[in-house]
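Understanding the architecture of this molecule
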Amino acid sequence: MGFNCGIVGLPNVGKSTLFNALTATAAAEAENYPFCTIEPNTGRVAVPDSRLDELARLADSAQVLPTQLEFVDIAGLVRGASKGEGLGNQFLGHIREVDAIVHVLRCFTDGNVTHVDGEVDPLRDRDTVETELMLADLESLEKRAEAAIKKARGGDKEAKDELDLMTRVLELLREGKPARDFSSDPDDLQALARLQLITSKPVLYVCNVDEEAAAAGNEYSARVAEQAVKEGAGCVVISAAIEAEVAGLGDEADREEYLASLGLEETGLARVIGAGYVLLDLITFFTAGPKESRAWTVRRGTLAPGAAGVIHSDFEKGFIRAETISYADYVACGGEQGARDAGKMRQEGKDYTVADGDVILFRFNV
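Residues numbered from 1 in each chain as written. Predicted model: local features only at pLDDT ≥ 70, side-chain atom pairs only at ≥ 80, totals over all residues. Heavy atoms only, no water.

Concerning the overall build of the protein chain
Heads up, the rule is: The numbering of helices and of strands both runs from the N terminus, where a helix is a DSSP run of H or I of at least 4 residues and a strand a run of E of at least 2. Exposure is judged per residue with a 1.4 Å probe applied to protein chains only, and the accessible area is read against the type maximum: over 50% gives exposed, under 20% gives buried, and values in between give partly exposed. Should any heavy atoms of two residues lie within 4.5 Å, those residues are considered in contact. Using the Shrake-Rupley algorithm and a 1.4 Å probe, accessible areas are obtained, with residue cover drawn only from the displayed protein chains.
Scanning the protein chain from terminus to terminus reveals 14 helices and 12 strands. The buried share of the protein chain, taken over its 366 residues, is 48%. Restricting the contact set of the protein chain to residue pairs at least 6 apart, pairs at least 24 apart contribute 69%. Here the protein chain displays about 17600 Å² of accessible surface, and carbon together with sulfur accounts for 47% of that area.

With respect to helix 1 (residues 15–23)
Within helix 1, 8 of the 9 residues are buried, which leaves the element mostly enclosed by the surrounding structure. Among all positions in helix 1, only Lys-15, Ser-16, Leu-18, Phe-19, Asn-20, Ala-21, Leu-22 and Thr-23 are buried.

Description of the environment of Leu-170
Structurally, Leu-170 is set in helix 5 (residues 157–174). Considering only alpha carbons, one finds Leu-170 and Leu-138, 32 residues apart in sequence, at a separation of 6.6 Å. For Leu-170, the residues in contact, after removing those within four places along its chain, are Leu-138, Leu-141, Glu-142 and Ala-145.

Examining the packing of aromatic side chains
As a reminder of what qualifies: Centres within 6.5 Å make a pair out of two Phe, Tyr or Trp rings, where for Trp the six-membered ring is used; the pair is then stacked when the planes are under 30 degrees apart, edge-to-face when over 60, and tilted otherwise. A ring is considered to have a charge above it if a Lys NZ or an Arg CZ atom is located within 6 Å of its centre and within 35 degrees of its normal.
Taken as a whole and assessed by the stated rule, the structure comprises 3 aromatic pairs. An aromatic cluster of at least three residues, connected via ring pairs, comprises Phe-285, Phe-319 and Phe-362. Of note, Arg-106 hangs over the ring of Phe-108, and the distance from its end group to the ring centre comes to 4.5 Å.

Notes on the pairing of strand 2 (residues 41–46)
Here is the rule we go by: Pairing between two strands is assigned when DSSP locates at least 2 bridges connecting them.
Only one face of strand 2 is buried, namely the one carrying Asn-41, Gly-43 and Val-45, since none of Thr-42, Arg-44 and Ala-46 on the opposite face is buried. Relative to strand 4 (residues 68–73), strand 2 runs antiparallel, the two sharing 6 bridges. Across the sheet, residue Asn-41 finds its bridge partner in strand 4, namely Asp-73.

Brief notes about the sheet that holds strand 2
The strands making up a sheet are joined through hydrogen bonds of the backbone, oriented either antiparallel or parallel. Defined as follows: What counts as an axis is a line fitted to C-alpha atoms, over the stretch in contact for a helix, and the angles between N-to-C directions run from 0 to 180 degrees.
Spatial strand order, 2-4-1-5-6-7: 6 strands in an open sheet with mixed pairing. Strand pairing shows two members of the sheet lacking a second neighbour, strand 2 and strand 7 (234–238), which therefore form its edges. Recorded for the sheet is a direction-independent mean angle of 25° between the axes of neighbouring strands. The pairing of strand 1 (residues 3–8) with strand 4 spans 5 bridges and is classified as parallel. Residue pairing across strands places Ile-7 opposite Asp-73, the latter belonging to strand 4.

A few points about the nonpolar core
We count it as follows: Residue types Ala, Val, Leu, Ile, Met, Phe, Trp, Tyr and Cys, when buried and joined through side-chain atoms within 4.5 Å, form a set referred to as a nonpolar core.
Ranked by size, the top nonpolar core spans 49 residues in total, and within it Leu-69, Phe-71, Ile-95 and Val-206 carry the most contacts. Top contributing element to this core by residue count: helix 10 (residues 268–280), with 6 residues. Setting aside residues no more than four positions away along its own chain, Phe-71 makes contact with Cys-5, Ile-7, Phe-19, Leu-22, Thr-23, Asn-41, Thr-42, Gly-43, Val-45, Leu-269 and Val-272. Counting 19 residues, the second largest nonpolar core, distinct from the first, contains Ala-152, Leu-163, Leu-165 and Phe-182.

Quick look at the confidence of the model for the protein chain
Rule in force here: Confidence scores per residue from the predictor, reported as pLDDT, run from 0 to 100.
Across the protein chain, the average pLDDT comes to 86, with 88% of residues at or above 70. In the predicted structure, residues 25–38 sits below a pLDDT of 50 and forms 36 contacts with residues beyond four places in sequence or in another chain.

Laid out in structure tokens, this is it:
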């Protein structure tokens, strides 16, 4: 699994249309009224990577298995969601389980598609959803702090440390700031992650524009892009209507021709994946052989044993070494054997940091 992201937004911003198109399914209804998504729908898509196809060709692999991206379509949020308005807290709970938040913002005007607030204003919509997520975090953290206070009074050192963290984060939330603004210190961020707060998750804004603005965006998406820069969030421009058309074209040549006619070089899915990888600081490594060539996703900075564990926990427990070839060397030498003969295969130990594009054979003993 590459990473999973929860798709959030107000009703009628194009969330479910986008979800259907990106996952090429019709699992989520896309109707012109709020709350049509009754359960969070989950879809997985293969992450396109031309390197994997080349590795499979050189290794003469029987199977090609790309890494995957998971989307979770959350029902449209409204003001008061943190207090149970609309479909309320049951959906906020689903957001706590994802790696990142994909916040879809309506950046198009259409008299046939109503807006819950009567007019298009993506930054106002962003503030509405962000406020509800912060209120949900605030309520959750206040309840947990009460329990931590009792434990801390009993002399529990771990509870005291956790209470100190909660108190600092609560101050931030009460100032109307998300938990992701808490700190940039790696130790603080690791501690913060344990609290599983919604607003501690990175955000990718998806500006849903009409077809005419798909290539260059519009004034609405430009405002969102400026906001994203200010808060260190990701931002991509997509036309859900175009993605739906692309999803309906079965032939790759037809898809490329259609996108080219609109001035687009790649699908919205590809842009979302690219932005998501940057946002979460992810990289891809590969395994390749006659049986299969496969892509795996880890966070940048992952050591070799941790990468081995992504494949199987036994690989990490019994890790011996990682026989590693860079993608460039693997291709230049015509495959694994050529790289071995040329001295391009490296024997890496437990302290090796996996690099993007590494082709690895893990040696282990359990």
